[in-house]
Amino acid sequence: MRIAIDAMGGDAGPAVAVHGAAAAVQACPGLEVDLFGPGDQLSNELENLPRHLAAAGSHLSVHHAPGLIRQNQRPSDALRRGGETSMALMLAHVANRNAAAGVSAGNTGALMALARRALGTVADIPRPAICTAIPTRSDGRCYLLDLGANVDVTAGRLVDFARMGEVMARHVDGLAAPRVALLNVGSEGTKGSEAVRQADALLRAMGSLNYIGFIEGDGIFAGSADVVVCDGFVGNAVLKASEGLARMLIERVQLTFESHWSSRLVGMLARPALRRLKNELDPVRYNGASLLGLDGIVIKSHGSADATGFSYAVSRAVQEVRRGLPARLAVELDARCGSTQQEQW
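Quick look at the structure, then. (Residues numbered from 1 in each chain as written. Predicted model: local features only at pLDDT ≥ 70, side-chain atom pairs only at ≥ 80, totals over all residues. Heavy atoms only, no water.)

### A closer look at the state of the cysteines
Here comes step 1: Evaluated as defined, the whole model comprises zero disulfides.
Here comes step 2: Not part of a disulfide, Cys 142 finds its nearest cysteine sulfur in Cys 131, a span of 8.7 Å. (Disulfide = S-S within 2.5 Å.)

Take a look at the structure:
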C-alpha cells in the first residue's frame, strides 16, 4: 500500500511529517510513503532520521514540490496559484491513482477545495464533510461530523452527513446498526434550529438508518450514539473544547500529585493507572479527520500534531484504504438515493 503525504503543512515543519511517516511504516508492514515538499529539505530529514526510525527510511520516497500552501491562505487563492505546492501535487498523486490515500496537516480550507477539485465527490455529494472519532465511555468511540467544512447547512446536508457517518461506522468499526443522532440543545422535538428540526423529520421518514433522534452534548461522551451529526460551526467548537478539556484534566491530575510530598508518594504508586488515563484521554490518539464524500481518501492531521500524532493520521488513512471506504460510500449512497426516489414516486 502506498500513501502520499504533504510534508510541509504542519506548524513545526517537515520533520514531524517525516518522523511520523517513518513511525507509521514501522507499525504497518508493507506500507510505502511518498513525501511531497522541497527535495533537498526532505532528503536531509530522511538522512537524519533518529536511530530507532532509520530502518523505515527505505520505505519513504521524496517527490520535489517547490511551493507550499500558507496556513492563512484563502482557498480561492490556493485554487488559482497552488498548482506547484506540496499539497496540490500530493493530491494529484492520489487522483492519478499513484497512491491509495493522502495525508496533510495543512490549511483545512485549501485542502478541502483542492481535494474536491482533484478527486471529485461520490454519489452527488455537493461538498465533503470533516469527520473524526472521539473517545466515549467504556473505551468506545463516536464519529462526529461536520467539524468545520460546512458552517451553514441545510436539512438535506445534515441528512447527507448522517448517511456518510453511518457507512463509516459500519465498515470501519464493524457495527451492524450504528446509532445515529442529531446534536441539539435539547431532546424535545421543538428544540433547535429550523434546519435541525427538518433534518430530524427527514431522518425519521427514511427508515433505513438506526436514527435515535436528538442528543445533547453530554450524550456524545457518554456513548449514547455511534454517529453524531451537526453543522461545522458547532462540531468544530465541540471538538476543540473537548481537546482543551482533556489536556487540562491531564495537567490538573499531574499537578495535584506533584504538589506535596505525600501526594508524590501516592502518585508514584498510581503511575501505571495515570499513564493509562493519559493515553485514553490524549487527543493525539484520535488525530486524523476524514474528508468524507470525496472520491478518494484524504486525511487531515492537526497542524500542531507531533510526530506521534501524525503517525496516527497516517494509520487512519491505511485503515480507510483497507476498508475501501469511498467505494462503499458510492455504492451505498447511490443505492439509497435510488430507493428514496422510488418511494417518493
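That was the structure; now back to the text.
### Observations concerning the packing of helix α1 (residues 14-27) against helix α2 (residues 39-47)
Here comes step 1: Between α1 and α2, the least distance of the axes is 10 Å, while the angle of their chain directions is 50°. Classified by the angle their axes make, α1 and α2 are oblique. Taken as a pair, α1 and α2 cross one another with a handedness that is right-handed. In contact with Pro 14, Ala 15, Val 18 and His 19 of α1, α2 contributes Gln 41, Leu 42, Glu 45 and Leu 46. (Axes fitted to C-alpha atoms, helices over the stretch in contact; angles between N-to-C directions. Helix = DSSP H or I, 4+ residues; strand = E, 2+ residues; numbered from the N terminus. Parallel < 35°, antiparallel > 145°, perpendicular 65-115°, else oblique. Left-handed = near helix turned anticlockwise from the far one by under 90°. Contact = heavy atoms within 4.5 Å.)

### A few points about the packing of helix α6 (residues 155-173) against helix α12 (residues 307-323)
Here comes step 1: Viewed as axis vectors pointing N to C, α6 and α12 meet at an angle of 90°, and their least axial separation amounts to 10 Å. As judged from the angle between their axes, α6 and α12 are roughly perpendicular. Contact residues: α6 offers Met 168, His 171 and Val 172, while α12 offers Arg 316, Gln 319, Glu 320 and Arg 323.

### Some details on the environment of Gly 324
Here comes step 1: Positionally, Gly 324 belongs in the loop between α12 and α13 (325-344).
Here comes step 2: Take Gly 324: its relative accessible area is 26%, and that puts it in the partly exposed class.
Here comes step 3: Residues Gly 324 and His 171 lie 153 residues apart in sequence; the distance between their C-alpha atoms is 8.7 Å. (Buried < 20%, exposed > 50% of the residue type's maximum accessible area, 1.4 Å probe, protein only.)

### Focus on the pairing of strand β7 (residues 179-183)
Here comes step 1: Of all five residues in β7, four are buried, a share of seventy percent or more.
Here comes step 2: For β7 and strand β9 (residues 227-229), the ladder comprises three bridges, and the chain directions are parallel. The residue bridging Val 180 from the neighbouring strand is Val 227, located in β9. (Pairing = 2+ DSSP bridges.)

### Describing unusual backbone geometry
Here comes step 1: Looking along the chain, the bond that leaves Leu 145 and enters Asp 146 is cis, with omega of 5°.
Here comes step 2: Within the secondary structure, Asp 146 is located in the loop between β6 (140-145) and α6.
Here comes step 3: The backbone phi angle of Arg 97 is positive, close to 65°, even though this residue is not glycine.
Here comes step 4: With respect to the helices, strands and loops of the structure, Arg 97 is situated in the loop between α4 (86-95) and β4 (101-104).
Here comes step 5: Relative accessible area serves as the criterion here: at 57%, Arg 97 is assigned to the exposed category.
Here comes step 6: One non-glycine residue, Asp 124, adopts positive backbone phi at about 60°.
Here comes step 7: Checked against the element boundaries, Asp 124 lands in the loop between α5 (108-119) and β5 (129-136).

### Overview of the nonpolar core
Here comes step 1: Of all hydrophobic cores here, the largest spans 35 residues; its most connected members are Leu 91, Leu 144, Ile 220, Val 228 and Val 298.
Here comes step 2: Of all the secondary-structure elements, those providing two or more residues to this core are α4, α5, β5, β6, β7, α9 (232-258) and β10 (289-292).
Here comes step 3: Among the elements that take part in this core, α5 stands out by supplying six residues, more than any other.
Here comes step 4: Structurally, this core is a two-domain feature, drawing no fewer than three residues from each of domain 1 (1-123 + 293-323) and domain 2 (129-283).
Here comes step 5: Contact partners of Val 228, with chain neighbours within four places excluded, come to Cys 142, Tyr 143, Leu 144, Leu 145, Ala 181, Leu 183, Ile 215 and Ile 220.
Here comes step 6: Formed by 34 residues, the second largest nonpolar core is a distinct cluster that contains Ile 125, Val 159, Leu 182 and Val 196. (Core = buried A, V, L, I, M, F, W, Y, C linked by side-chain atoms within 4.5 Å. Domains from an automatic or database assignment.)

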